[in-house]
Protein chains: 2
Amino acid sequence: MNIYEIAKKAGVSIATVSRVVNNSPNVKPETREKVEAVLKEFKYTPNAIARSLVKRATNTIGVLTSDVRDSYYASAIYTIEQKFRKWGYNVILCNTGLEIENKREYMKIMLQKKVDGIILVGSVFREKSNNKHIYDAAHQVPVVMLNGDLTGKNIYSIVCDDETGTYKAVELLFSRGHRKMVYLYDADSFSGMAKIRGFKRGMKAKGLIPGSSSIIKVLPGVMGGYEGVERLDREDVKYTAILTSEDVIAAGVLKKLKEAGKKVPRDVAVIGYNNSQVSLCTAPELSTVDNKVEEMAAGAVQILYDVLRGKDVPPSMMVTPELVIRGSC
Amino acid sequence: MNIYEIAKKAGVSIATVSRVVNNSPNVKPETREKVEAVLKEFKYTPNAIARSLVKRATNTIGVLTSDVRDSYYASAIYTIEQKFRKWGYNVILCNTGLEIENKREYMKIMLQKKVDGIILVGSVFREKSNNKHIYDAAHQVPVVMLNGDLTGKNIYSIVCDDETGTYKAVELLFSRGHRKMVYLYDADSFSGMAKIRGFKRGMKAKGLIPGSSSIIKVLPGVMGGYEGVERLDREDVKYTAILTSEDVIAAGVLKKLKEAGKKVPRDVAVIGYNNSQVSLCTAPELSTVDNKVEEMAAGAVQILYDVLRGKDVPPSMMVTPELVIRGSC
DNA sequence: TATTGTTATGTAAACGCTTACATATTATTG
DNA sequence: CAATAATATGTAAGCGTTTACATAACAATA
């Protein structure tokens, strides 16, 4: 049932039907009623595709992330979707994984589908040359990154100051007497690097030396933390505190420490990152760094929305993380 | 840059350009090369909106769920997106929450945006009358439910046999000597009810009486489990085993038990549900029921895809859950 | 009443594509 | 080499809207 059929049934022109559907003024009350009756009777559903074609706007946002199953990303995506929905936009979700080719492919499709804007949820490569697809996309629609550092026309970013977040965590542990700290991380992402910088800076500020054996890369997930501690012990690294780049890694750390008969926080202190649900499920509960993912996501949405409305927007914003102290330290 | 401009630059008609873009045969190799060169030079991006309008298909699927932040739903959504992407479809994600009005609203928008099909991820009401929007939608596009029991034209469902899943859990606990079991659940959803049935059936099969004080509704999340145990103790309910409808609830149970000085599994056995990441983060690790969410999601995708291709598909399928035995029982 | 100004409605073009059909070109056959 | 078949290309309509512009209807003013 389209606008033509409605027009015929109601005995008016398609323009009038369109006006009624869009609540435009300048349509006589009686005509409006007549048309609305027909609309209701035949359960008219406007075709948003046709509308998008002429309006040159789809009211759809493309969101690229590596994997929604990561609770951190899921939170961001939730916030993005909910906030945009209030403004009449929908979200196309893309799980790109880590391969660049996938990201490129998804980006291409989003442009073909004419999304009005793109939000990248932690999915930016460190090497700028690998981000060509982002610059290309920004040529057609605004692009907003969560935790990315690209700059350029039509590119905006909102980052969490993870360097400071980790720095504060080091500071806290130091103040509680810890001198031998180890950092476990799983990804060389933008924020991953920032966290490592924070760890190093914190150590140095306290006169400690962040040796190569004290910053180690592990697999993602619980297993990563578990194996990480195994490796530390195997290599006979001494430590009284372990910091991680993710709560789940810290959960794995707790598990291995427990198996090894070490008490947390008595023998070893542990601090995670993200303030995720997992940090409440462990025993003891994890101390962690809240990197304000909702706040960041909300910021990204606001930025994109403003850009779409033609407002001037600063190309980059920053959110400050916060220490959450619980039982593990 | 559209098809007309390309046609002009290449000195051919728009039909020919269209043919080249769509790799249709019957275009002379030299013409193809000539057009392709222009396509490349001007970075032509086909407009999927225009294409959708004439093809009457958007290659887009609407996915409604209450909340992606729930790791169970996130897994389902991930699988749905990934599988459909392989077939050239994208996914619009909708977090409807629990209110019916939101679900209705989202459904309406999906129909306006002309999605080719809809998948409901655990978002069906128990009272049929509250699901009118689903029946209405099925009038226009195929609808597939994960864990829902609606039937009707153009409606398909794939469910996990959660009744049996919980039944097996009861059986296991019984075989390990437990006689006083308590069930904690958080939602009166379709699968929530099935689980309760399984618990009751299991108890009765073993000659036990599932009293009203042994099936209690709690808040969702870690807090729910925590407060649930508090309440049990306050009301002086005796138990040697606790089953829950979600792993996170079980995590809360473990936490409270630990605080109360009860050892798991020595004093109390605990079994969760979902086999989620959380079940690996607790100490001890949670025994749980794997309800095969990926398998279910993959099934839903296959069903919808087959329907879209005009195949005959059984209106309802079932997946069998599996006990995962770990340290908590 | 003729004139002007408002308000309501209609007509037709445009959005960017696909595709049925018509036509032009080339190859194949007797 | 003409007749026919096969292939390549072009033309135009249609997908379902919005909207600029034209026109009609009506009210207000001189």
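Residues numbered from 1 in each chain as written. Chains lettered and ligands numbered in written order. Predicted model: local features only at pLDDT ≥ 70, side-chain atom pairs only at ≥ 80, totals over all residues. Heavy atoms only, no water.

**Q** Talk me through the protein's contact with DNA strand D; I want residue IDs and the actual numbers.
**A** In the region of DNA strand D, 29 residues are neighbours, and Ser18(A), Ser13(B), Arg19(B), Thr31(B) and Arg56(B) sit closest. Counting only atoms of DNA strand D within 4 Å of the protein, the fraction found in sugar and phosphate groups is 62%. The backbone of Ala50(A) places a nitrogen or oxygen atom 3.4 Å from a base nitrogen of DNA strand D. Contributions of two or more residues to the surface near DNA strand D are made by helix H1 (3-10), helix H2 (14-21) and helix H4 (48-55) of chain A together with helix H2 (14-21) and helix H4 (48-55) of chain B. Class assignment for the residues of the surface near DNA strand D results in 14 nonpolar, 9 polar and 6 charged. (Near = heavy atom within 4 Å. Polar contact = N/O pair within 3.5 Å; in protein donor to acceptor, adjacent residues only side chain to side chain. Helix = DSSP H or I, 4+ residues; strand = E, 2+ residues; numbered from the N terminus. Nonpolar A, V, L, I, M, F, W, Y, C, P; charged D, E, K, R; others polar.)

**Q** How would you sum up unusual backbone geometry? Please name residues and give values.
**A** The omega angle of the peptide bond from Ala283(A) to Pro284(A) is -5°, so this bond is cis rather than trans. Take Pro284(A): it is sitting in the loop between helix H12 (278-281) and strand E10 (288-290). Unlike most non-glycine residues, Asn274(B) shows phi in positive territory, near 120°. For Asn274(B), the position within the fold is in the loop between strand E9 (269-271) and helix H12 (278-281). Residue classification places Asn274(B) among the buried residues on the basis of a relative accessible area of 10%. (Buried < 20%, exposed > 50% of the residue type's maximum accessible area, 1.4 Å probe, protein only.)

**Q** Break down a positive patch on the surface for me, citing the residues and quoting the values.
**A** A surface patch of positive charge is lined by Lys258(A), Lys263(A), Lys258(B) and Lys263(B). Positionally, Lys263(B) belongs in the loop between helix H11 (247-259) and E9. (Patch = residues over 30% accessible without salt bridge, like charges linked within 9 Å, V, L, I, M, F, W, Y side chains within 5 Å. Areas by Shrake-Rupley, 256 points an atom, 1.4 Å probe, with all protein chains shown as cover. Salt bridge = Lys/Arg side-chain N within 4 Å of Asp/Glu carboxyl O. Lys, Arg positive; Asp, Glu negative; His and termini not counted. Charge placed at Lys NZ, Arg CZ, Asp CG, Glu CD.)

**Q** Lay out the packing of helix H5 (residues 71-86) of chain A against helix H13 (residues 293-308) of chain A with the relevant residues and their values.
**A** Residue and element names in this part refer to chain A. Two elements in contact, H5 and H13, have axes separated by 8 Å at closest approach and are oriented at 40°. The orientation of H5 with respect to H13, classified from their angle, is oblique. For the crossing formed where H5 meets H13, the hand is right-handed. For the pair H5 and H13, the contacting residues are Tyr72, Ser75, Ala76, Thr79, Ile80, Lys83 and Phe84 in the first and Val293, Glu294, Met296, Ala297, Ala298, Val301, Gln302, Leu304 and Tyr305 in the second. For the contact of H5 with H13, a count of residues per class yields 11 nonpolar, 3 polar and 2 charged. (Axes fitted to C-alpha atoms, helices over the stretch in contact; angles between N-to-C directions. Parallel < 35°, antiparallel > 145°, perpendicular 65-115°, else oblique. Left-handed = near helix turned anticlockwise from the far one by under 90°. Contact = heavy atoms within 4.5 Å.)

**Q** I'd like a rundown of the pattern of salt bridges, residues and numbers included.
**A** Throughout the structure, instances matching the rule amount to 34 salt bridges over all chains. Taken together, the shared-partner salt bridges in this structure form one network comprising Glu163(A), Arg197(A) and Arg201(A).

**Q** Residue-level account of the pairing of strand E5 (residues 155-160) of chain A, with values.
**A** Two faces belong to every sheet, and in a regular strand the side chains alternate between them. Residue and element names in this part refer to chain A. Burial runs high along E5: 6 of the 6 residues are buried. Going residue by residue along E5, you find Ile155, Ser157 and Val159 tucked away on one face and Tyr156, Ile158 and Cys160 tucked away on the opposite face as well. Of the pairings in the sheet, the one linking strand E4 (residues 143-146) to E5 comprises 4 bridges and is parallel in character. Looking across to E5, one finds that Leu146 is bridged to Ile158. (Pairing = 2+ DSSP bridges.)

**Q** Help me get a handle on empty space enclosed by the protein, residues and values and all.
**A** A full pass over the atoms with the stated rule returns 3 cavities of 30 Å³ or more. Estimates place the volume of the largest cavity at around 190 Å³. Lining of the largest cavity is provided by 16 residues; of these, Ile49(A), Thr60(A), Lys113(A), Ile49(B) and Thr60(B) occupy positions nearest its centre. Taken together, the elements giving at least two residues each to the lining of the largest cavity come down to H4 of chain A together with H4 of chain B. Classifying every residue of the lining of the largest cavity by side-chain character gives 8 nonpolar, 6 polar and 2 charged. (1 Å grid on protein atoms, 1.4 Å probe; cavity = no way out; pocket = protein on both sides within 12 Å on 5 of 7 lines; lining within 4 Å. Points joined across faces, edges and corners; volume = space filled by probe spheres on them.)

**Q** Provide a residue-level description of the interface of chain A and chain B, including the pertinent values.
**A** Each partner contributes residues to the interface: chain A has 49 residues there, and chain B has 49 residues. Surface buried jointly by chain A and chain B totals about 4,500 Å² across both partners, of which 57% is contributed by carbon and sulfur atoms. Scanning the region where chain A abuts chain B turns up 2 salt bridges. Of the charged contacts in the structure, one is a salt bridge between Glu285(A) and Lys255(B), with a shortest N-O distance of 2.2 Å. Those elements that place two or more of their residues in the side of chain A that touches chain B are H4, H5, strand E2 (90-95), helix H6 (100-112), helix H11 (247-259) and H12 of chain A. Bridge count for E2(A) against strand E2 (residues 90-95) of chain B is 3 bridges, and the pairing is antiparallel. (Buried area = accessible area lost by both parts, 1.4 Å probe.)

**Q** Let's hear about the protein's contact with DNA strand C: which residues, and what values?
**A** Contacts to DNA strand C come from 29 residues, most closely from Thr31(A), Arg56(A), Ile3(B), Ser18(B) and Tyr44(B). When the atoms of DNA strand C within 4 Å of the protein are sorted by group, sugar and phosphate make up 63%. Within the backbone of Asn47(B), a nitrogen or oxygen atom sits 3.2 Å from a phosphate oxygen of DNA strand C. Contributions of two or more residues to the surface near DNA strand C are made by H2 and H4 of chain A together with helix H1 (3-10), H2 and H4 of chain B.

**Q** Which residues make up the state of the cysteines, and what values go with them?
**A** Scanning all chains against the criterion turns up 0 disulfides over all chains. Between Cys329(A), a cysteine without a disulfide, and Cys281(B), which holds the nearest cysteine sulfur, the sulfur-to-sulfur distance is 18 Å. (Disulfide = S-S within 2.5 Å.)

**Q** Before we move on, could you go through the sheet that holds strand E7 (residues 215-217) of chain B and cite the residues and values that matter?
**A** Residue and element names in this part refer to chain B. Pairing within the open sheet is parallel, and its 4 strands lie in the order E7-E6-E8-E9. Both outer strands of the open sheet, E7 and E9, are each paired with one neighbouring strand and no more. Sheet twist, expressed as the mean angle between neighbouring strand axes with direction ignored, is 20°. Sheet topology places strand E6 (residues 181-185) next to strand E8 (residues 241-244); 4 bridges connect them, and they run parallel. Each bridged residue has a counterpart across the sheet, and for Val182 the counterpart in E8 is Ile242.

**Q** For the packing of aromatic side chains, give the residues involved together with the corresponding values.
**A** Evaluation of the coordinates by the stated rule reveals 14 aromatic pairs over all chains. For the ring pair Tyr183(B) and Tyr185(B), a centre distance of 6.4 Å and an interplane angle of 15° mean the geometry is stacked. Considered together, Tyr183(B) and Tyr185(B) belong to a single accessibility category, that of buried residues. Here a set of aromatic residues connected by ring pairs shows up, and it is made of Phe84(A), Trp87(A), Tyr89(A) and Tyr305(A). For the cation-ring pair, Arg85(A) lies above Tyr106(B), with the distance from its terminal atom to the ring centre recorded as 4.4 Å. In this structure, Arg201(B) is placed above the aromatic ring of Tyr167(B), and the distance from its NZ or CZ to the ring centre is 4.4 Å. (Phe/Tyr/Trp six-rings, centres within 6.5 Å; stacked < 30°, edge-to-face > 60°. Lys NZ or Arg CZ within 6 Å of the ring centre and 35° of its normal.)

**Q** Lay out the relation of the copies chain A and chain B in plain terms, naming residues and giving numbers.
**A** For the pair chain A and chain B, the best superposition has an RMSD of 0.0 Å and corresponds to a rotation of 180° with a translation of 0.0 Å parallel to the axis. Seen this way, the second copy is the image of the first under a two-fold rotation axis. Proximity to the rotation axis, assessed at the C-alpha, singles out Ile92(A) in chain A; its C-alpha lies 2.2 Å from the axis. Here 100% of the contact residues of chain A are again contact residues in chain B; the copies associate through an equivalent surface. (Least-squares fit on C-alpha atoms with pLDDT ≥ 70 in both.)

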